[in-house]
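Here is how the chains run, residue by residue.
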Amino acid sequence: MFQAILGGLVAGAIYALLGIGIATAFRVSKVVNLAQGNFFVLGIMVAASLAGPLPLPVAVLGAVLVCAGAGALQYRLVIRPALSAAHATQLLVTLGSGLALSGAVRVVWGPDDRSLRAMFEGTTRIWHGRLTYQGIVVVVAAVLLTAALTLFLHRTDAGLRMRTIADSPSVASSLGINVARTSTAAFALSAGLAGLAGVLIAPLLFVNFSSGLLMTVYGFVAASFGGLSSLPLTLAGGLALGCLEAIAAHQFDSALKTPLAMTLFLAIVLVRNRGGLIQQARVVQRIVPWRTPGRGRPSFRAPGAALPTGVKAPGAALPARKAFWRRRSAGTAAAIALAAPLGAQFIDPYWLSVLSFLGVFVIVGLGLDLLLGYTGLLSLGQTAFMGLGAYLVALAPKWWGLGPWAAIAVAVLISCLAAAVVGTLVLGLRGYYFALATLVLAITAELVANGSPGLLGGPSGVDVPGELKLFGISLDTPERLFLVIWVMVAAIAFLLSRTVTSRFGLGLDLVRSDPDLAAAAGVPADVLKLQAFVFSAGIAAVGGVLYAYLLRFVSPPAIGFEGGIDALVGLMLGGLGTVWGALVGVAVVRLLPEWTGSSDTYQLLIYGVLLTAIALVFPRGIVGKVGHWGRDVGRSRTAGPKRLPAPASRQVPSAPTAPASRQVPSAPTAPASRQVPSAPAAPRSHDPRPLLEGRSLTKRFGGVTAADGIDIALVPGEVHGLIGPNGAGKSTTLALLSGRLRPTSGAVRFGGKDVTALPAWDLASLGVVQTFQIPRFPADQTCWDVAAMGAFSQGSGGLLQGAGPRGSRVVGMLYDIGLDCLERVGLLGQRDRLVSELSTGQQKLLELARALAARPRVLLADEPAGGLSADEHERLGVLLRSVAEQGTAVLLIEHSVPLVMNVCDRVTVLAEGRLVTSGRPREIRTNQEVIDAYLGT
Ligand code: ADP
Ligand code: MG
């Protein structure tokens, strides 16, 4: 045991060195460098080559310098250009450059294992065990380097510069620090450390070109002990990891030491993110895969709540562009399904096999697109589910005596269940922790399969038994399997194309682009993410099942990370978030080697370069590029602010007279609108009891008390103004009422019930809807799309229902509601314009339309008049009054005192986080305190 721990310490010191490199690079760039382990491998390879002609110490120094140079180059070429990109892009860039590096190592040094002769020969006795001198050097080096680096960061100017960049690159550059040069140095240092770790440990192990990714993962695990910043904790984490592995190997089975260590890592990461876990636990209560919560809790709902005007019978129009895309997708799927029998007839056996495998990876890519493209989740563990499906279909007959069909059903079902469990655990993790956790999953799965020869066949794999028959016809001939695979491709692509344009897809668009916005629209983001995760795992499992039947055999590479790299690279190349990108891109990736006749030698290098280049310069991919261009063409044909397309007139029932449709419906008499407020004889038929109440709401941000014991009550049918100077706490109060912020103390009550603990989306789905002071929109969407997204909570039906005919009716209805609300705010003519093309004022109005589409019972509007013209101001006032008159409680934050005084029934004044006074506009106008605090001028 003691001997095992000694060995573990040596391995742990290496993990620590890798982790310290990752943490150092992360500090200056906020990028987790997935290529770290590849520098480790590079160092060993270079040293092994140089050690022939040169003395060993020179070779070692040379190797470290080469690695440092490679790290600097990596930063300059690919990481720096990606600094402002999304986390997923950054990770893909580092993953791609790591693959490219390992591909380059493969090309230069070949596929064989290599080692290095020891610098320090011999062993020594330590208490009850023995350790090589080389091992002692490794541990001592790790400890000394950690100490030196820590001192360097905290005691030297260069270290201070690095830490300043870590805190804020913009502050750093304003202080005259050369951010690029310092960051380059940090990456060089980090890669040099990895190379050094490599040459130090090389005499004690063998590595080959593909060892890098696993080493990265080890380094990341060590670094995550230190929260990706503390070096001493990283050292401790690395050593602990090594020892645990050694103990596991000693006690159980050496093949299972890594899986055990990784499981431990997942446990630690999950515990560190307890908040996420608790949230996830709530999600589990709601996970019924085919149903996402629509408007729930009837008990909260007053009967006959306000309906906006003119909602048509279900089943009305999608925007032409979406309807066209749906039809074309259905057509393409049908064409594939129809062409498949012909292909099976006429294609020769070799190409039949090539295309069958292609089809399998297209299926996996389709599932991945739902996650990566539509949900925005970078899951690197998709192959684990593909492999699980494949293994289960091979093993279920053996283990449980199932027939082939039952085995398939069980394989897919268990994969989905596994995804539900895994998803519940990891979806709460932030950015790179999620991606890394899924990567760990795939790597661990492969190691488990490799390490269990008895149960899972070990490295040599397992055969797939039995004959697959349908109606007495065997499906096991290559032609029929080809047919089955491509019909499945068509079916899944069709299903996906429907799902992503359904209500579920609208929700995903919001979740991907802005969690707060999604919550404001009542989208249960966690539920949607989990459903997407499970569904895409199910698709991957179907791919795995087909793969197993195709190969008649399953082995560990099928389940590991690299087994699915074709799907990932193909999808990126074809275009994320396009459905058909998977087909096009995977076809290119798998067919190019066939045509160019290039061997395996260059494949990894090409993949790596492709992945990096696509992520950096071609993020739309092939289909995205073509589709985008097609959309621009389509828009210039159909849209245009002046002439509305014919269907519009059908949509707008309350607009028989064209000019009036531009006006807010309930304001036929324009001059009167000025008087509306001063005639608060407005229908008082509404429940006079407050619907939404904040009771002594307090919110502290560190030392700042943004809201301090605020009491506010919003009554149906009333517009409640909230005024106060900048920084008075208005937006904070609104966020507390909407559930976006949780109060430090105090309570929020809705309909008399305490809703303080409800998440924002839940409150929004009950009808408490907010707009944002700075308008927020998903990128690349049209006004109509955004308004329809706002109506999310008005429909029901989840992922699977979305694909059916009812799903079409529902999403059509949401678009109808959206159109109606665009009309109410006067944006009907802009409906097909991209949000990014709107003026600030129009964006404000669109925010309002998005909120109205949720049919709010409480509308919380944060400075909706900002950026509006005087004319628009007036119309806004009329609109808000009409909203209130339909029974909605409105909270209006506004700077324009005349607007507030004219429109509001009641006004609350805040200053410095505290409530100054609250009352009727007339009282406020004469209140001395208010004049002093706010109206003073
Ligand atoms: P208003 O909307 O009235 O202009 P806010 O509610 O936005 O004011 O802000 C009130 C105070 O709270 C300000 O001093 C602001 O700096 C602070 N504040 C708001 N949000 C945050 C936050 N997320 N973190 C720290 N301080 C905040
Ligand atoms: Mg504000």
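Residues numbered from 1 in each chain as written. Chains lettered and ligands numbered in written order. Predicted model: local features only at pLDDT ≥ 70, side-chain atom pairs only at ≥ 80, totals over all residues. Heavy atoms only, no water.

**Regarding the packing of aromatic side chains**
Consideration 1: Enumeration over the complete set of coordinates arrives at 13 aromatic pairs.
Consideration 2: Taken together, a centroid distance of 5.9 Å and an interplanar angle of 75° make the contact between Phe357 and Tyr547 edge-to-face. On the criterion of sequence distance, the pair formed by Phe357 in helix α14 (residues 349-375) and Tyr547 in helix α22 (residues 525-551) is long-range, its members being 190 residues apart. An identical accessibility class is assigned to Phe357 and Tyr547; each is buried. (Phe/Tyr/Trp six-rings, centres within 6.5 Å; stacked < 30°, edge-to-face > 60°. Helix = DSSP H or I, 4+ residues; strand = E, 2+ residues; numbered from the N terminus. Buried < 20%, exposed > 50% of the residue type's maximum accessible area, 1.4 Å probe, protein only.)

**Overview of the coordination of the magnesium ion (ligand 2)**
Consideration 1: Coordination of the magnesium ion (ligand 2) by the protein involves Ser731 (OG) and Gln773 (OE1), with metal-donor separations of 2.0 to 2.2 Å. Of this pair, Ser731 sits in helix α30 (residues 730-738) while Gln773 sits in the loop between β12 (768-770) and α32 (783-790), and the two are 42 residues apart along the sequence.
Consideration 2: With a relative accessible area of 25%, Ser731 lands in the partly exposed category. (Donors = N, O, S within 2.8 Å, 3.2 Å for Na, K, Ca; no water.)

**Observations regarding the packing of helix α13 (residues 320-346) against helix α19 (residues 478-499)**
Consideration 1: It is the contact of α13 with α19, at a shortest axis distance of 8 Å, that shows an interaxial angle of 175°. Looking at the two axes, α13 sits roughly antiparallel to α19. Residues Trp325, Arg326, Ser329, Ala330, Ala333, Ile336, Ala337, Ala340, Pro341, Gly343 and Ala344 of α13 pack against Glu479, Phe482, Leu483, Trp486, Val487, Ala490, Phe494, Ser497 and Arg498 of α19.
Consideration 2: For the contact of α13 with α19, the residue count by class is 14 nonpolar, 3 polar and 3 charged. (Axes fitted to C-alpha atoms, helices over the stretch in contact; angles between N-to-C directions. Parallel < 35°, antiparallel > 145°, perpendicular 65-115°, else oblique. Contact = heavy atoms within 4.5 Å. Nonpolar A, V, L, I, M, F, W, Y, C, P; charged D, E, K, R; others polar.)

**Some words on the pattern of salt bridges**
Consideration 1: Using the criterion set out here, one finds 16 salt bridges in the structure.
Consideration 2: Across the pair Arg914 and Asp708 runs a salt bridge whose closest N-O atoms are separated by 3.1 Å. Taken together, the residues span a long stretch of sequence, with Arg914 in strand β16 (residues 914-919) and Asp708 in strand β8 (residues 704-714) at a distance of 206 residues.
Consideration 3: Residue Arg914 is classed as partly exposed on the basis of its relative accessible area, which comes to 44%.
Consideration 4: The exposure class of Asp708 is partly exposed, given its relative accessible area of 27%.
Consideration 5: A salt bridge links Arg831 to Asp832; the nearest nitrogen and oxygen atoms lie 3.8 Å apart. The two residues Arg831 and Asp832 agree in class, both being buried. (Salt bridge = Lys/Arg side-chain N within 4 Å of Asp/Glu carboxyl O.)

**What about the site of ligand 1?**
Consideration 1: In the vicinity of ligand 1, the contacting residues are Phe701, Ala706, Pro725, Asn726, Gly727, Ala728, Gly729, Lys730, Ser731 and Thr732.
Consideration 2: Within the side chain of Ser731, one N or O atom sits 2.8 Å away from an oxygen atom of ligand 1.
Consideration 3: Separating an oxygen atom of ligand 1 from a side-chain N or O atom of Thr732 is a distance of 2.5 Å.
Consideration 4: With the chains in place, 59% of the 560 Å² that ligand 1 exposes on its own is no longer accessible. (Near = heavy atom within 4 Å. Polar contact = N/O pair within 3.5 Å; in protein donor to acceptor, adjacent residues only side chain to side chain. Areas by Shrake-Rupley, 256 points an atom, 1.4 Å probe, with all protein chains shown as cover.)

**Here's the deal with the sheet that holds strand β9 (residues 719-723)**
Consideration 1: Strand order in the open sheet formed by 6 strands is β12-β13-β14-β9-β15-β16, with mixed pairing between adjacent strands. In this open sheet, the two edge strands, each paired with only one partner strand, are β12 and β16. Across this sheet, the average inter-strand angle for adjacent strands is 15°, counted without regard to direction.
Consideration 2: Where β9 meets strand β14 (residues 889-893), 4 bridges bridge the pair, whose relative direction is parallel. Residue pairing in the sheet places Val719 in a bridge with Val890 of β14. (Pairing = 2+ DSSP bridges.)

**Observations regarding the packing of helix α2 (residues 36-50) against helix α3 (residues 56-79)**
Consideration 1: The geometry of α2 relative to α3 is characterised by a closest axis approach of 8 Å and an angle of 140° between their N-to-C directions. In terms of their interaxial angle, α2 and α3 are classed as oblique. Here α2 runs over α3; the crossing is right-handed. In this structure, α2 contributes Phe39, Leu42, Gly43, Val46, Ala47 and Leu50 to the contact, and α3 contributes Ala59, Gly62, Ala63, Val66, Cys67, Ala70, Gly71 and Gln74.
Consideration 2: For the contact of α2 with α3, a count of residues per class yields 10 nonpolar, 4 polar and no charged. (Left-handed = near helix turned anticlockwise from the far one by under 90°.)

**Points about the nonpolar core**
Consideration 1: Of all hydrophobic cores here, the largest spans 272 residues; its most connected members are Val32, Phe40, Trp486 and Leu846.
Consideration 2: Tallying contributions element by element places α22 first for this core, with 17 residues.
Consideration 3: Each residue touching Val32, except ones within four places of it in the same chain, is listed here: Ile22, Phe26, Leu91, Thr94, Phe220, Leu228, Tyr432 and Leu436.
Consideration 4: Membership of the second largest hydrophobic core comes to 27 residues, among which are Leu722, Leu736, Leu741 and Leu860. (Core = buried A, V, L, I, M, F, W, Y, C linked by side-chain atoms within 4.5 Å.)

**Brief notes about α22**
Consideration 1: Look at α22: 38 Å from first C-alpha to last across 27 residues, which is about the 39 Å you get at 1.5 Å a residue.
Consideration 2: In terms of burial, α22 is largely enclosed, as 26 of its 27 residues are buried. (Expected span 1.5 Å × (residues − 1).)

**Some words on unusual backbone geometry**
Consideration 1: For Leu228, which is not glycine, the phi torsion reads 60° and is therefore positive.
Consideration 2: Along the polypeptide, Leu228 turns up in the loop between α9 (212-225) and α10 (231-251).
Consideration 3: In this structure, Val579 takes a positive phi of about 60° despite not being glycine.
Consideration 4: Note that Val579 resides in the loop between α23 (565-574) and α24 (580-596).
Consideration 5: Judged by its relative accessible area of 0%, Val579 falls in the buried class.

**Side note on the pairing of strand β10 (residues 745-750)**
Consideration 1: Of the strand pairs in this sheet, strand β7 (residues 692-701) and β10 are connected by 5 bridges, and their pairing is antiparallel. Bridge pairing in β10 places Arg695 opposite Ala747.
Consideration 2: Inspection of the sheet shows β10 paired to strand β11 (residues 753-754) by 2 bridges, in the antiparallel sense. From the neighbouring strand, Arg749 faces β11, where its bridge partner is Asp754.
Consideration 3: The antiparallel hairpin formed by β10 and β11 contains 2 residues in its connecting segment, where Gly751 sits at a positive phi of about 55°.

**Examining the environment of Ala51**
Consideration 1: Among the secondary structure elements, Ala51 is positioned in the loop between α2 and α3.
Consideration 2: Assessed through its relative accessible area of 10%, Ala51 is described here as buried.
Consideration 3: Here the alpha-carbon distance between Ala51 and Arg117, two residues 66 residues apart in the chain, equals 8.6 Å.

**Observations concerning the side chain of Glu894**
Consideration 1: Within the element layout of this structure, Glu894 appears in the loop between β14 and α37 (897-903).
Consideration 2: For the buried residue Glu894, which engages in no salt bridge, the nearest side chain bearing the opposite charge is Lys844, 7.9 Å off.
Consideration 3: Polar contacts involving the side chain of Glu894 include one to the main-chain amide nitrogen of Ser896, which spans 2.7 Å. (Lys, Arg positive; Asp, Glu negative; His and termini not counted.)

**Quick look at the environment of Glu446**
Consideration 1: Relative to the assigned elements, Glu446 resides in helix α17 (residues 431-451).
Consideration 2: Judged by relative accessible area, Glu446 falls into the partly exposed class, the value being 24%.
Consideration 3: Those residues in contact with Glu446, other than ones at most four positions away along the chain, are Pro556, Pro557, Ile559, Gly560 and Phe561.

**Focus: the environment of Arg855**
Consideration 1: Considering the arrangement of structural elements, one finds Arg855 in the loop between α35 (840-852) and β13 (858-862).
Consideration 2: For Arg855 and Gly790, which are 65 residues apart along the polypeptide, the C-alpha to C-alpha distance reads 9.0 Å.

**Some points on a positive patch on the surface**
Consideration 1: Side chains of Arg76, Arg80, Arg161 and Arg181 sit close together on the surface and give a patch of like positive charge.
Consideration 2: The residue Arg161 is located in helix α6 (residues 157-167) in this model.
Consideration 3: Taking relative accessible area as the criterion, Arg161 reaches 36% and is therefore assigned partly exposed. (Patch = residues over 30% accessible without salt bridge, like charges linked within 9 Å, V, L, I, M, F, W, Y side chains within 5 Å. Charge placed at Lys NZ, Arg CZ, Asp CG, Glu CD.)

**Here's the deal with the sheet that holds β7**
Sheets are built from strands that pair by backbone hydrogen bonding, the pairs being arranged parallel or antiparallel.
Consideration 1: Taken in spatial order, the 4 strands of this open sheet run β8-β7-β10-β11, and their pairing is antiparallel. Edge positions in the sheet fall to β8 and β11, since each of these pairs with one other strand and no more.
Consideration 2: Direction of pairing for β7 relative to β8: antiparallel, over a ladder of 7 bridges. The residue bridging Lys699 from the neighbouring strand is Ala707, located in β8.
Consideration 3: Strands β7, β8 and β10 of the sheet are contacted by α30, whose axis makes an angle of about 120° with β7.

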